[in-house]
2 protein chains.
Amino acid sequence: MTSIVVTGDRPTGQLHLGHYVGSLTQRLALQNQHEMFILIADTQVLNNDITKSKEVKKHTLSLMRDYLSIGLKPENIHFVLQSRVPALFELTQYLSNLVSLSFVTRNPTIKSEHKLYNHDLNMGFLNYPISQTSDIVLFNGEIVPVGADQVPILEFSNDVIEKFHHSFNTHMFKKIQPLLSDTPRLCGLDGKNKMSKSLNNAIFLSDSSESLKKKIKSMYTDRNHLCINDPGQVEGNVVFSFLDVFMEDKLYLNELKEHYQRGGLGDSFLKNLLFDILNPLLLSFKENDFSDKELMEILYCGTQHANHVAENNMEKIRDIIFQ
Amino acid sequence: MTSIVVTGDRPTGQLHLGHYVGSLTQRLALQNQHEMFILIADTQVLNNDITKSKEVKKHTLSLMRDYLSIGLKPENIHFVLQSRVPALFELTQYLSNLVSLSFVTRNPTIKSEHKLYNHDLNMGFLNYPISQTSDIVLFNGEIVPVGADQVPILEFSNDVIEKFHHSFNTHMFKKIQPLLSDTPRLCGLDGKNKMSKSLNNAIFLSDSSESLKKKIKSMYTDRNHLCINDPGQVEGNVVFSFLDVFMEDKLYLNELKEHYQRGGLGDSFLKNLLFDILNPLLLSFKENDFSDKELMEILYCGTQHANHVAENNMEKIRDIIFQ
């Protein structure tokens, strides 16, 4: 039996190419070898601002559409709506008795996320690493794909697991292993920041060909490359950083880079080339067409299975706690 | 329709006469006029030490036995096992997003309880006033009998309710009213502290006549009252403080006090008198005899009804949050 993978997303909006190269392609590769739970974290998304809840339903649907459109298969993956697995809330409350405030607040990720969001230190936020521990262990998760910045949160989870094992003299849960992605982060159209919906610099998986063309056209290249024959710069050139990620023929890409650097290669040639690579990719996503009802049914089925696994584990946990 | 009363106890041991005069007689009076939920707080009891869980089952049973033996009626009261109402965990997690850490820690009761228990400030403890808010509102509670020291916790709950109403532009929950008991606190056999199991100075509702006799005999009276004819002191005399609470004929009691003060009245006369009052009371508790199975069935039924009410409310709350 292979290890179970648990991962997920907060329902905050459509997925973009940054997600695709960062986590989605990894999931596509994993889905054939591992049982996987993908959580739509609709309660975690409320941690910093509960009034965000009004958009959760819409974003949940768009996440499901994006997942299935890129080729994640409900035959391989349990898609789970976090808020509809009651045992998650229950376990979180029990685990919170094992965790001191100082233990939460000295975690580097919590510290930096707190600064990032610049919100009041609220109890929901402080509870989230505990809640995330439940998300993993209740589904027997062993492998969690994360960015390097999230590794301390998984260490936190392993510490909580150890506290539970120690307190109740048991070995119920498996140790969690972070799975780091080796793909570089995709920058946004502006080249200054990573791709992000809120920075308005993203290419969405659902973008039309027209929208894609427009966005590629707006990409930052080299502000000193005014005439075709001027020597151009490759570093910091957004078009090249995209080609680095999406172009398979690396030999030809290197030739193009040299040509661009010595002059004589125009930006529009490169942008057309990038369009010809990305457009079929985005079009392929549109081939998988699901109605809202179908998407919700798939999510309902996955959540039902998740409840079965979680409730089964929760029963064991209650027995361990209350004997 | 009268207001709903919500109250409860942590399952930490048998109930004693201190509980009887403090909260149980109040419940006996309330049960004929109000719908009432009595929660056995088996998750709250874990807040400061999760390993206490091993004794929860035993203490739950003894609480149920004590409740029914004094005459609380399952026809009037829903007895609820807190850990088996999943919606309580769920609402607590949502409400925690509305509460900042500083808002919790500046509450005077939290502050003083924290000092009292002298434990690490753990997340379970910090979450407990939020969890207690769920305990009340999910059962449509309006009246909560409390000691004066617990009033700030109810104020906290009302603040959380207000935050919820404000965030979602709703008026779903009723304002909570504390119901203060006018009975004085019963002191322990030693006369120095309030009656408490852990201080080993308690008369339990389940004590036998022999045990009662022994305990009354050990009661502190007046250490200078060596001979019957010596003048005796009424203040600080444990026997008199019990007679104050349990003796109905206050005129005769005043005569006894005057007699004792001028000398000529022996301690053993007073102790026998107290025994003759308390013994029939404790014996009357033994008339209601329930098997463990019956007790658990009553608790199961109450919890089932509680889940019905809570789940009904939780559905409305989910609709309000996620629309």
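First, a word on scope: everything that follows refers to the structure included in this document. (Residues numbered from 1 in each chain as written. Chains lettered and ligands numbered in written order. Predicted model: local features only at pLDDT ≥ 70, side-chain atom pairs only at ≥ 80, totals over all residues. Heavy atoms only, no water.)

Examining the sheet that holds strand S2 (residues 36-40) of chain B
Residues and elements named next belong to chain B.
Inference 1: The strand order across the open sheet built from five strands is S3-S2-S1-S4-S5, with neighbouring strands paired in parallel fashion. Looking at strand neighbours, the two that pair on one side only are strand S3 (77-81) and strand S5 (177-180), the edges of this open sheet. Recorded for the sheet is a direction-independent mean angle of 30° between the axes of neighbouring strands.
Inference 2: Pairing between strand S1 (residues 4-9) and S2: five bridges, direction parallel. Looking at the pairing, Val6 lines up with Phe37 of S2. (Pairing = 2+ DSSP bridges. Helix = DSSP H or I, 4+ residues; strand = E, 2+ residues; numbered from the N terminus. Axes fitted to C-alpha atoms, helices over the stretch in contact; angles between N-to-C directions.)

Some thoughts on the packing of aromatic side chains
Geometrically, a pair of aromatic rings is defined through the distance of the ring centres and the angle of the planes.
Inference 1: All told, the structure shown has 22 aromatic pairs over all chains when counted by the stated rule.
Inference 2: With 5.7 Å between their ring centres and 45° between their planes, Phe125(A) and Tyr128(A) make a pair best called tilted. Residue Phe125(A) and its partner Tyr128(A) are both found in helix H6 (residues 123-137); the two are separated by three residues, about one turn of the helix. With respect to burial, Phe125(A) and Tyr128(A) carry one shared label: buried.
Inference 3: Here Phe164(A) and Phe168(A) contribute two aromatic rings whose centre-to-centre distance is 5.1 Å and whose plane-to-plane angle is 50°, an arrangement assigned as tilted. With Phe164(A) and Phe168(A) both in helix H7 (residues 151-168) and four residues apart, this pair spans about one turn of that helix. A single burial state applies to Phe164(A) and to Phe168(A), both of which are buried.
Inference 4: Taken together, the aromatic side chains of Phe89(A), Tyr94(B) and Phe322(B) make up a single cluster linked through ring pairs. (Phe/Tyr/Trp six-rings, centres within 6.5 Å; stacked < 30°, edge-to-face > 60°. Buried < 20%, exposed > 50% of the residue type's maximum accessible area, 1.4 Å probe, protein only.)

Topic: the relation of the copies chain B and chain A
Inference 1: It takes a turn of 180° to lay chain B on chain A, together with a shift of 0.0 Å along the axis; the resulting RMSD is 0.0 Å. Viewed as a symmetry operation, the transformation between the two copies matches a two-fold axis. If distances are taken from each C-alpha of chain B to the rotation axis, the shortest is found for Phe89(B), at 2.7 Å.
Inference 2: A shared binding surface is used by both copies, with 100% of the interface residues of chain B retained as interface residues in chain A. (Least-squares fit on C-alpha atoms with pLDDT ≥ 70 in both. Contact = heavy atoms within 4.5 Å.)

Here's the deal with the interface of chain B and chain A
Inference 1: Between chain B and chain A, the contact holds 41 residues from the first and 41 residues from the second.
Inference 2: Scanning the region where chain B abuts chain A turns up 13 residue pairs in polar contact (both at pLDDT 80 or more).
Inference 3: Listed by contribution, the elements that provide at least two residues to the side of chain B that touches chain A are helix H2 (56-70), helix H3 (86-96), helix H4 (101-105), helix H6 (123-137), helix H7 (151-168) and helix H12 (292-322) of chain B.
Inference 4: Ranked by residue count, the leading element in the side of chain B that touches chain A is H3(B), at seven residues. (Polar contact = N/O pair within 3.5 Å; in protein donor to acceptor, adjacent residues only side chain to side chain.)

Section: the sheet that holds strand S2 (residues 36-40) of chain A
Residues and elements named next belong to chain A.
Inference 1: If you trace the five strands from one edge of the open sheet to the other, you get S3-S2-S1-S4-S5, paired in parallel fashion. Taken across any chain shown, the strands that pair with only one partner, and hence form the sheet edges, are strand S3 (77-81) and strand S5 (177-180). Within this sheet the neighbouring strands show an average axis-to-axis angle of 30°, counted without direction.
Inference 2: Of the pairings in the sheet, the one linking strand S4 (residues 141-146) to S5 comprises four bridges and is parallel in character. When the sheet's bridge partners are listed, Ile143 is paired in S5 with Gln177.
Inference 3: Strands in contact with helix H1 (residues 17-30) are strand S1 (4-9), S2, S4 and S5; relative to S1, the strand with the most contacts, it is inclined by about 150°.
Inference 4: Across the sheet, helix H12 (residues 292-322) lies against S2 and S3, angled at about 90° from S3, the strand it touches most.

Some details on unusual backbone geometry
Inference 1: At Asn169(A), a residue that is not glycine, the phi angle is positive and equals roughly 50°.
Inference 2: Here Asn169(A) shows up in the loop between H7 and S5.

Some remarks on H12(A)
Inference 1: The terminal C-alpha atoms of H12(A), which comprises 31 residues, lie 43 Å apart, in line with the 45 Å expected from a rise of 1.5 Å per residue.
Inference 2: Phi turns positive one or two residues past the end of H12(A), at Gln323(A), with a value near 40°. (Expected span 1.5 Å × (residues − 1).)

Focus: the packing of H2(B) against H12(B)
Residue and element names in this part refer to chain B.
Inference 1: In contact at an axis separation of 10 Å, H2 and H12 are set at 90° when each is read in the N-to-C sense. When the interaxial angle is binned, H2 and H12 end up roughly perpendicular. Side by side, H2 and H12 meet where Thr60, Leu61, Met64, Arg65 and Leu68 of the first sit next to Asp292, Leu295, Met296, Ile298 and Leu299 of the second.
Inference 2: Its residues assigned to classes, the contact of H2 with H12 comprises seven nonpolar, one polar and two charged. (Parallel < 35°, antiparallel > 145°, perpendicular 65-115°, else oblique. Nonpolar A, V, L, I, M, F, W, Y, C, P; charged D, E, K, R; others polar.)

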